[in-house]
Amino acid sequence: YAFRYGVSYVQYFLDAGVLTKAKVTRMAEAELAADLFMALIEGVQTNKKIEQYYKKYDDTVEPVEEAAKKFDTIMSYIGSIYPAKEITHTNWSRVQLFYTLFTSVGHCLYGLKGLDPKKRISINEKMASKLRVKFDEISSAYTEAAEAMDKKEPEAAKEYREFINWSRRGTTDTGSRVGRANFVCSKLKSLTD
């Protein structure tokens, strides 16, 4: 499944700038797909356990087929929020933040293990433009806060400091991934207030 899904979404990943052609020649699309499948089946966590899950789900079809349906739905939502060429102008085109975008949308739709259920909002396809505005706001605030942090202006970056650190260091660690997705989901809550 990971290989097949990596191939079926590789053009989006390339057009969106999430992956480069050089990385694709090294099977990065299959790795990314496997990582996203793992988040859907086992919850948001480090990618260091992927081999272990390949073995665990090698002969088990049901949870993987269920995850495949969710994967397609999440990618459909992401595609309606951000056509591939438009996501390139945002921070969401960075692979670690694309993972966060995917898991945040996934959490809103299905509730992912490891993420805070209180930060989950219910979304639907009619909300694509509102979600786009919110994701654009988060991306812009990220850029401003990161620049402020780089200039050693910590006060300006206060709200986003942890989110940026989770995006820069240990980006595939469980804590960083959970922290980023919970942060994004908490920002989406304003859509339902």
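Structure: see above.
Just so we're clear, the structure is a prediction, and the values are computed from it rather than from any experiment.

Undergrad: Would you explain the overall build of the chain in this entry?
TA: Scanning the chain from N- to C-terminus turns up 10 helices and 0 strands. Reading the helices (α) and strands (β) of the chain from amino to carboxyl end gives α-α-α-α-α-α-α-α-α-α. Here the C-alpha atoms of the chain give a radius of gyration of 16 Å, agreeing with the 16 Å that 2.2 N^0.38 yields for 193 residues. Taken over the C-alpha atoms alone, the chain extends approximately 50 × 35 × 30 Å along its principal axes. Here the chain holds 193 residues, and the buried ones make up 50% of them.

Undergrad: I'm lost on the pattern of salt bridges in this one. Help?
TA: In a structure, side chains of opposite charge can pair up when their charged atoms sit close to one another. Tallied over the full model, the rule gives 9 salt bridges. Across the pair K48 and D173 runs a salt bridge whose closest N-O atoms are separated by 3.2 Å. Here D173 lies in the loop between α9 (161–168) and α10 (174–188) and K48 lies in the loop between α3 (28–42) and α4 (50–56), a separation of 125 residues in the sequence. Put simply, K119 and D116 hold a salt bridge, and the shortest N to O gap is 3.4 Å. On the accessibility criterion, K119 (26% relative accessible area) is partly exposed. When salt bridges that share partners are traced, they join E86, R132 and D136 into one network.

Undergrad: What's the story with the side chain of Q45 in this structure? I'm lost.
TA: By secondary structure assignment, the location of Q45 is in the loop between α3 and α4. With a relative accessible area of 9%, Q45 lands in the buried category. A distance of 3.3 Å separates a polar side-chain atom of Q45 from the backbone oxygen of E42.

Undergrad: Help me out: how do you make sense of the packing of aromatic side chains in this one?
TA: Each aromatic ring pair is summarised here by two numbers: the centre-to-centre distance and the angle between the ring planes. Scanning all chains against the criterion turns up 13 aromatic pairs. Seen from their ring centres, Y5 and F71 are 5.1 Å apart, and the 75° between their planes marks the pair as edge-to-face. With a gap of 66 residues between them, Y5 in helix α1 (residues 2–15) and F71 in helix α5 (residues 62–81) connect regions that are remote in the sequence. When sorted by exposure, Y5 lands in the same class as F71, which is buried. With a centroid separation of 4.6 Å and 20° between ring planes, the pair formed by F163 and F183 is classed as stacked. Here F163 is found in helix α9, whereas its partner F183 is found in helix α10, with 20 residues between them in sequence. Clustering of aromatic rings is evident, with ring pairs tying together Y5, Y9, F37, F71 and F102. For R177, the ring lying beneath its charged end belongs to Y99, and the centroid distance is 3.8 Å.

Undergrad: Would you mind going over the packing of α1 against α3 with me for this structure?
TA: What describes two packed helices is the angle between their axes and the distance between those same axes. Relative orientation of the contacting elements α1 and α3 amounts to 110°, with a least axis distance of 8 Å. The angle between α1 and α3 falls in the class roughly perpendicular. Note on packing geometry: the crossing formed by α1 with α3 is right-handed. Of α3, the residues touching α1 (which contributes A2, F3, Y5, G6, V7, V10 and F13) are E29, A30, L32, A33, A34 and F37. Taken together, the residues that form the contact of α1 with α3 break down as 11 nonpolar, 1 polar and 1 charged.

Analysis parameters
Residues numbered from 1 in each chain as written. Predicted model: local features only at pLDDT ≥ 70, side-chain atom pairs only at ≥ 80, totals over all residues. Heavy atoms only, no water. Helix = DSSP H or I, 4+ residues; strand = E, 2+ residues; numbered from the N terminus. Rg over C-alpha atoms; globule rule 2.2 N^0.38 Å. Buried < 20%, exposed > 50% of the residue type's maximum accessible area, 1.4 Å probe, protein only. Salt bridge = Lys/Arg side-chain N within 4 Å of Asp/Glu carboxyl O. Polar contact = N/O pair within 3.5 Å; in protein donor to acceptor, adjacent residues only side chain to side chain. Phe/Tyr/Trp six-rings, centres within 6.5 Å; stacked < 30°, edge-to-face > 60°. Lys NZ or Arg CZ within 6 Å of the ring centre and 35° of its normal. Axes fitted to C-alpha atoms, helices over the stretch in contact; angles between N-to-C directions. Parallel < 35°, antiparallel > 145°, perpendicular 65-115°, else oblique. Left-handed = near helix turned anticlockwise from the far one by under 90°. Contact = heavy atoms within 4.5 Å. Nonpolar A, V, L, I, M, F, W, Y, C, P; charged D, E, K, R; others polar.

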